[in-house]
Amino acid sequence: MKTNNLFQSLRSIALLMMAAGPIIGCTNDEVLDFLTIETLSQSGGKDFTLPLKGGAQTVSFKASGEWTVTTDDQTWYTVTPTNGNGDATITITADPFDAYSAPSFSRVALITLTCGSVQEQFSIMQSDPSASEDSVSSTVKSRARGGEMTVEIPEALAYSVVVNDDWLTASADAGVLTLNLTRNTGSENRETVVKVMSSNGENEIASVGITQSWRNVEPGELLIEEIYFTGTPLPSTGKTNTKNTDQYFLITNNTDELLYADGLLIIESKNPNAGSTWKEFKEPIIEEYCEAGVVMCIPGSGTNNPLEPGESLVIASNGINFKEGYSGESGTTVEMNPDGLDLSKADYEWYTKSTNSTIDIDIPEVPNVDMWFCYSLSILNLHDRGFQSYAIAMPPATMTKEKFLEDYNWAGAVYTNHTLAGDFEMTLTNAYKVPNSWIIDAVMCTVPSINLTRQFSTTLDAGWTYASPQNIDKDAQRYGHSVLRNRNAETGKLVDTDNSTNDFTPNATPSLLGK
C-alpha cells in the first residue's frame, strides 16, 4: 500500500542534518573555511519542492575555496556542476513524477555541498499534495442538451479514464476531467460513473457520478411571474374589446444561470373551476395529468430563446401597441385605447388561424408561438374573470406536436355535469392532457367566492390567486388587474412555494403598464 513514510522519514533526516548547521574548520594554512547557502525555499528553509511534471531548481552559495557536490545516488534528478571553486550556483533538474503510479506519493533526495572541512546539506522533493490512497468522489448534473463540462480532480502527471457508456466521452489532464455529453433524447434521466485512474491503471484517483436530465429546464427554474388576463377597459365602454384585448404572460428565469426556453409549453386548463356548474369525471386524471384546452409551444431548436438570470419572456395576445390601436390590410381593426398596454415589443404572440369570419390579428414583427392545440376556432382570449388556470411544461426533447396530439388526447372522457337543472352524464370533447412530470410551474386562478373545483393537483399548486377586487363574479373592477408573483425582499428572487395563495399578489397593477 502506498504511504508517505518515505517522504516523512527522509524529510526528518534532512531537517535534523540541516539543524546542525555548517561545520567550520581550518586548512593547514590556518585559513578559515566557510560555505553558506544563500538560496532559501518558499518556506524560508533548505527544503526545495520541484514541480510534479519535472523542472529545475537553482541553489546559490558562497564558498571560500574548492567545493564538491555529493548526491545520494538516486537517478530521478541531476546536479550540474558537481564541483567548482568559490561562489557558485548549481542547478538541480528533476524528472517528471507520476505520484499515483510510483511506489510512494512523494520522493525526497539529500544533496551535500563540501568545502574543505565545511559541509551544508539540503533536500529536494517531489510530491503530489492532493494524492492519497482514497479516491476522490464527486457528482455532477447536466441538462438534456448535453455539451462539454469540466470537473476538478486531483492533479497527477498522467491519467487513464474509464467510461462505460456511449453517450459521453471523457479525458483528463492537469487536474481537470473534461466530459462531453450527447443530447438526452429519452424521457428519463440517465446516470453513469466515470473512473479516473493512475496512468498504470492500478490506483483510482477520482470517481465522478454523472446524472443527465431528460429536460433542459427543471421545475421552479422558469416561473410564471405574471398573468394579465382581465385586459384594459376602453374608456368609451368601461369594458375590454371583445375580440382583441391586451393580455399577456410573463415567464421569468428564477435561477443564477443561463436557461433556454425553447420547447416550453404554455397550457390553459380545459374546464372552468368557477361558475354555476362543475364537472365530476368518472376517471379523474388530476394526480397524473394537467387538463388542457390550449397548448402553445415556444419555438426553437434548443438555444434560440436564451434567458439570462432574472430575464423574462413576454407572450402577448397580440403584438401591437394598444394605446395606438391597429388597422390591418385585411380591414381588421383594434380601437385605440389610451389606457392600453404597448405589447409591440413582446417576444411572442399567440395567433389562431380562424376557421370562421372572426379573424385573429397576426403581427409580422412579433413571432408566433407554435399552437399545438386550441379549442377556439377563431380568436383566443384568456378568460377575463379568471375561470381558467395556467401552467408551463417542458416535454421530452423529441416530443413533437404530432406525437403529442396522438398520445395525449383526453377527448372521450366521461363526466357528470352538475348543474342547477340537474346532473347529466356527458363526454368530453376538444381536450388534451399533459403529464404532471412535465410541469415546471402551475398557477390556479379562480374567483374565490364561486370556486367549485380544482383543475391541477395540489402537488403542483396548493392554493389559488385571483383578479377580483370585490371577490365576486363579473366584478366590473377586475379590469386592469393582473396576478403578480411576489419577490423575496432579501434576495430579489421570485417566491415559489407551489402555493399561489402565498406566492402571488392578487389584483395587482400590471407590470408592463407604462412600458
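Residues numbered from 1 in each chain as written. Predicted model: local features only at pLDDT ≥ 70, side-chain atom pairs only at ≥ 80, totals over all residues. Heavy atoms only, no water.

Looking at the secondary structure, you find Gln 455 in the loop between strand E34 (439–443) and strand E35 (482–485). Polar contacts involving the side chain of Gln 455 include one to the side chain of Ser 269, which spans 3.0 Å. A polar contact of 2.5 Å, which involves the side chain of Gln 455, links it to the side chain of Ser 389. Those residues within four positions of Gln 455 in sequence are excluded, and the remaining contacts are Ser 269, Asn 271, Pro 272, Asn 273, Ile 286, Glu 291, Phe 387, Gln 388, Ser 389, Met 444 and Cys 445. (Helix = DSSP H or I, 4+ residues; strand = E, 2+ residues; numbered from the N terminus. Polar contact = N/O pair within 3.5 Å; in protein donor to acceptor, adjacent residues only side chain to side chain. Contact = heavy atoms within 4.5 Å.)

The next subject is the pairing of strand E18 (residues 248–253). Of all six residues in E18, six are buried, a share of seventy percent or more. Here strand E17 (residues 222–228) pairs with E18 via six bridges, running antiparallel. Bridge pairing links Leu 223 to Thr 252 in E18. (Buried < 20%, exposed > 50% of the residue type's maximum accessible area, 1.4 Å probe, protein only. Pairing = 2+ DSSP bridges.)

A residue-level look at the protein finds 91% of positions with pLDDT of 70 or above and a mean pLDDT of 89. Every residue in residues 13–29 is under pLDDT 50, and counting partners more than four places away or in other chains gives 30 contacts. (pLDDT = per-residue confidence, 0-100.)

Another point: the sheet that holds strand E13 (residues 168–173). Pairing is antiparallel in the open sheet, where three strands are placed in the order E11-E14-E13. The outermost strands of the open sheet, each flanked by one partner alone, are strand E11 (147–152) and E13. Averaged over all pairs of adjacent strands, the angle between their axes in this sheet comes to 20°, without regard to strand direction. Sheet analysis places E13 next to strand E14 (residues 176–181), joined by six bridges and oriented antiparallel. Following the sheet pairing, Ala 170 is matched in E14 by Leu 179. (Axes fitted to C-alpha atoms, helices over the stretch in contact; angles between N-to-C directions.)

All chains considered together, the criterion is met by three cavities of 30 Å³ or more. Put simply, the largest cavity is a space of about 40 Å³. In terms of lining residues, the largest cavity is bounded by Thr 232, Leu 234, Asn 241, Asn 244, Thr 245, Asp 246, Phe 322, Val 334, Glu 335 and Asn 337. Split by residue class, the lining of the largest cavity holds three nonpolar, five polar and two charged. (1 Å grid on protein atoms, 1.4 Å probe; cavity = no way out; pocket = protein on both sides within 12 Å on 5 of 7 lines; lining within 4 Å. Points joined across faces, edges and corners; volume = space filled by probe spheres on them. Nonpolar A, V, L, I, M, F, W, Y, C, P; charged D, E, K, R; others polar.)

Once that is clear, we can look at the sheet that holds strand E15 (residues 190–198). Through backbone hydrogen bonds, the strands of a sheet pair up, either in parallel or in antiparallel fashion. Taken together, four strands build an open sheet; the order of strands is E10-E16-E15-E12 and the sheet is mixed. On the outer flanks of this sheet lie strand E10 (136–142) and strand E12 (159–162), each paired with one strand and no other. Going from strand to strand, the sheet's axes swing by 20° on average, the running direction of each strand aside. Pairing of E12 with E15, which is carried by four bridges, proceeds in the antiparallel orientation. Within E15, the residue paired with Val 161 across the bridge is Val 196.

Glancing now at the packing of aromatic side chains. On inspection of all chains with the given rule, the structure shows 15 aromatic pairs. On the basis of an interplanar angle of 85° and a centroid distance of 5.8 Å, the ring pair of Phe 48 and Phe 122 is categorised as edge-to-face. Note that Phe 48 is positioned in strand E2 (residues 47–49) and Phe 122 in strand E9 (residues 118–127), a separation of 74 residues in sequence. Here Phe 48 falls in the buried class, since its relative accessible area comes to 2%. With 5.6 Å between their ring centres and 25° between their planes, Phe 404 and Tyr 408 make a pair best called stacked. Take Phe 404 and Tyr 408: they sit in the same class, and that class is buried. Clustering of aromatic rings is evident, with ring pairs tying together Trp 372, Phe 373, Phe 404, Tyr 408, Tyr 432 and Trp 438. The ring of Tyr 289 has Lys 433 lying over it, and the distance from NZ or CZ to the ring centre is 4.6 Å. (Phe/Tyr/Trp six-rings, centres within 6.5 Å; stacked < 30°, edge-to-face > 60°. Lys NZ or Arg CZ within 6 Å of the ring centre and 35° of its normal.)

Attention now goes to the pattern of salt bridges. All told, the structure shown has 16 salt bridges when counted by the stated rule. Between Glu 120 and Lys 46 there is a salt bridge, with its nearest N and O atoms 3.2 Å apart. Of this pair, Glu 120 sits in strand E9 while Lys 46 is found in the loop between strand E1 (35–37) and E2, placing the two residues 74 residues apart along the sequence. Salt-bridge contacts for Glu 221 lead to Arg 143; the nearest nitrogen and oxygen are separated by 2.8 Å. Of this pair, Glu 221 sits in the loop between strand E16 (204–212) and E17 while Arg 143 sits in the loop between E10 and E11, placing them 78 residues apart in sequence. Relative accessible area serves as the criterion here: at 13%, Arg 143 is assigned to the buried category. In the salt-bridge network here, residues are joined through shared partners; they are Asp 441, Arg 485, Asp 496 and Asp 503. (Salt bridge = Lys/Arg side-chain N within 4 Å of Asp/Glu carboxyl O.)

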